[in-house]
Amino acid sequence: MESLRSVNLTPEQRKLALNTKPMNRVIRGAAGSGKTTSALFLLKVGLLHYKTMKRRTGDVTPIRAVVITFNKTLKAYVESLAREIAGDVDVEVVHLAKYMKDHYPYLDRYSLRITPQTMNIPKDVFHKSPIPYEHTLVEIEYVLGRYNHGEFDQYVEMESANRTDAYSTSKEIRRKIVDHAIKPYIEYKKANKFVDLNDLTQYFIDNKVDEFEVLIADECQDFSANDLRAIINQLS
């Protein structure tokens, strides 16, 4: 196995590399604690694992590796580090929203509106919502980003009533949000041939459009739960 390029790690970061078996890992830490450095070190470890495995089996296909970022501003920085660490492996560094837009097959049929807040939805669409209009849009975005579409009963039964300080949602209120906010929102999109990023994410949860062997997601705290499900589903 070839040696790693020089990377200065703290003792805590080194612990992450002791187990080189491929698996899903979550690296948590405060801002500036070296999460991205640790993740990119694991990128190198993963690439070496697959290089060795392919060499032993005679597999000459290239390694499929990707680093997915949420922040466009940090993409160039992460891209530079990832390609330096990856060496001769062509690592794709992508912004999640752009990656999904580039691979979603139905944008010729629908108009992308990103989030509920960017659709300029008339307030009367949600006239029966139990919470104010602005909070309704926020709650729709949260629910569609966290729960699989069609499984909104989990939101009603399991969600915390005090998830946010801005408003409270009892079980009864959450049921009304599903019936008088989320469902009308879905119908509004359908009637106007709109899709949002949550629709794209759901497509990637339901369909495997890629086959990545090594996948790094940076700044995961900014991804929704469904974003992460969609990303993980693209692993080979």
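Residues numbered from 1 in each chain as written. Predicted model: local features only at pLDDT ≥ 70, side-chain atom pairs only at ≥ 80, totals over all residues. Heavy atoms only, no water.

**Description of the packing of aromatic side chains**
All chains considered together, the criterion is met by ten aromatic pairs. Residues Tyr-99 and Phe-204 carry aromatic rings whose centres are separated by 5.9 Å and whose planes lie at 45 degrees to one another, so their mutual orientation is tilted. Of this pair, Tyr-99 sits in helix H4 (residues 96-103) while Phe-204 is found in helix H8 (residues 197-206), placing the two residues 105 residues apart along the sequence. Centroid distance Tyr-104 to Tyr-106: 5.6 Å. Interplanar angle 85 degrees. Geometry classified as edge-to-face. For Tyr-106, a relative accessible area of 29% corresponds to the partly exposed category. An aromatic cluster is present here, built from Tyr-99, Tyr-104, Tyr-106, Tyr-203, Phe-204 and Phe-212 joined pairwise through their rings. Directly above the ring of Tyr-142 sits Arg-163, whose terminal nitrogen or CZ lies 3.5 Å from the centroid. (Phe/Tyr/Trp six-rings, centres within 6.5 Å; stacked < 30°, edge-to-face > 60°. Helix = DSSP H or I, 4+ residues; strand = E, 2+ residues; numbered from the N terminus. Buried < 20%, exposed > 50% of the residue type's maximum accessible area, 1.4 Å probe, protein only. Lys NZ or Arg CZ within 6 Å of the ring centre and 35° of its normal.)

**As for helix H5 (residues 133-146)**
The end-to-end C-alpha separation of H5 is 20 Å, in line with the 20 Å expected for 14 residues at 1.5 Å each. Where H5 is concerned, the buried positions are Tyr-133, Thr-136, Leu-137, Glu-139, Ile-140, Val-143, Leu-144 and Gly-145. Tucked inside the fold, the buried residues of H5 contact helix H6 (152-158), helix H7 (171-192), H8 and helix H9 (225-232). (Expected span 1.5 Å × (residues − 1). Contact = heavy atoms within 4.5 Å.)

**Topic: the pairing of strand S2 (residues 91-95)**
The buried fraction of S2 is high, at four of five residues. Strand direction decides the pairing type here: strand S1 (residues 65-69) and S2, joined by five bridges, are parallel. Each residue of the ladder has a partner; that of Ile-68, found in S2, is Val-94. (Pairing = 2+ DSSP bridges.)

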